[in-house]
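Secondary and tertiary structure notes
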Amino acid sequence: MTIDIRPITPEDIFAIVTLARATWLDAYAGIIPREQIDYMLAQRYDRAGLEADIENPEKWLHQALIDGVLAGFAACEICNEEFKLDKLYIHPGMQRNGAGAALVAHAAALARGHGHSGMILAVNKHNEQAIRAYIKYGFRVRDKIVTPIGGGFVMDDYIMEKRV
Ligand SMILES: CC(C)(COP(=O)(O)OP(=O)(O)OC[C@H]1O[C@@H](n2cnc3c(N)ncnc32)[C@H](O)[C@@H]1OP(=O)(O)O)[C@@H](O)C(=O)NCCC(=O)NCCS
């Protein structure tokens, strides 16, 4: 099995949005209400927003391919001067093959290359599968935050941190 990491280009956006939707519906059912999933997908995965992210020098979007097939993606950004892993999603049918680990290793190298000694992320407090993965990747819980995101919804997250 070969895992390749490549930058996301505008031509990839449709496939990435489709994968994001399938992964969110699988991962967040039972964790956040369906209306909030739809609201957050619309907020974070519109084409114009993703195209702007691709052009932004302080954001990095990468995809992982397993044997040439899109398996998942990650997005990183600078947030309050910290290097943040903002998105990490592997298609439900392709999880647990190391694609998540490969994207995190790639993000850590990017962070180091840009002069950061750490990388942070936010994860829903009830997303046990992801928390298990992040602990395995070397992240530890640093903080707890509740963030209003509009529409009457909040994100109820741990902030996790890893040295890179
Ligand atoms: C969390 C996620 C990114 C991990 O990526 P992955 O490619 O599936 O994981 P890896 O192959 O790198 O495995 C890393 C570890 O994650 C944990 N893990 C991943 N999937 C798991 C599952 N279904 N059940 C239990 N543990 C799981 C395990 O500890 C695993 O190590 P192991 O297989 O040696 O036991 C992926 O499962 C995913 O996309 N989940 C749904 C979306 C999500 O919650 N994203 C994070 C948002 S903050």
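Everything below is about the structure printed above this text.
Just so it is clear, the model here is predicted, and its values are computed rather than measured.

Definitions and limits used
Residues numbered from 1 in each chain as written. Predicted model: local features only at pLDDT ≥ 70, side-chain atom pairs only at ≥ 80, totals over all residues. Heavy atoms only, no water. Phe/Tyr/Trp six-rings, centres within 6.5 Å; stacked < 30°, edge-to-face > 60°. Helix = DSSP H or I, 4+ residues; strand = E, 2+ residues; numbered from the N terminus. Buried < 20%, exposed > 50% of the residue type's maximum accessible area, 1.4 Å probe, protein only. Lys NZ or Arg CZ within 6 Å of the ring centre and 35° of its normal. Salt bridge = Lys/Arg side-chain N within 4 Å of Asp/Glu carboxyl O. Near = heavy atom within 4 Å. Polar contact = N/O pair within 3.5 Å; in protein donor to acceptor, adjacent residues only side chain to side chain. Areas by Shrake-Rupley, 256 points an atom, 1.4 Å probe, with all protein chains shown as cover.

This part covers the packing of aromatic side chains. For any pair of aromatic rings, the description consists of the separation of the ring centres together with the inter-plane angle of the planes. Under the counting rule described, the total for this entry stands at ten aromatic pairs. With a centroid separation of 6.1 Å and an interplanar angle of 85°, the aromatic rings of Tyr45 and Phe73 are classed as edge-to-face. Note that Tyr45 is positioned in the loop between helix 2 (34-44) and helix 3 (47-55) and Phe73 in strand 3 (residues 69-79), a separation of 28 residues in sequence. Of the two residues examined, Tyr45 and Phe73, each falls in the buried class. Following the ring pairs from residue to residue traces out a cluster consisting of Trp24, Tyr28, Tyr45, Phe73 and Tyr89. When the ring centre of Tyr45 is taken as reference, the NZ or CZ atom of Lys87 above it lies at 5.6 Å.

For the rest of this paragraph, the subject is the pattern of salt bridges. Evaluation of the coordinates by the stated rule reveals eleven salt bridges. For Arg34, the salt bridge identified is with Asp38, shortest N-O distance 3.2 Å. Of the two residues, Arg34 and Asp38 are both situated in helix 2; the distance of four residues between them amounts to about one turn of the helix. Judged by its relative accessible area of 46%, Arg34 is partly exposed. Beyond isolated ion pairs, a larger network of salt bridges with shared partners links Glu82, Arg142, Glu161 and Arg163.

This next bit is on the site of the ligand. Neighbouring residues of the ligand: 23 residues in total, closest Ile90, Gly98, Asn127, Lys136 and Tyr137. Within the backbone of Ile90, one N or O atom sits 2.8 Å away from an oxygen atom of the ligand. Lys136 is positioned such that a nitrogen or oxygen atom in its side chain is 2.3 Å from an oxygen atom of the ligand. Isolated, the ligand exposes 900 Å² of accessible area, and the fraction of that covered by the protein chains is 83%. Counting only elements with at least two residues in the shell around the ligand, the list comes to helix 1 (13-28), strand 4 (82-90), helix 4 (99-113), strand 5 (118-124) and helix 5 (128-136). Per-element accounting of the shell around the ligand gives the leading share, six residues, to helix 5.

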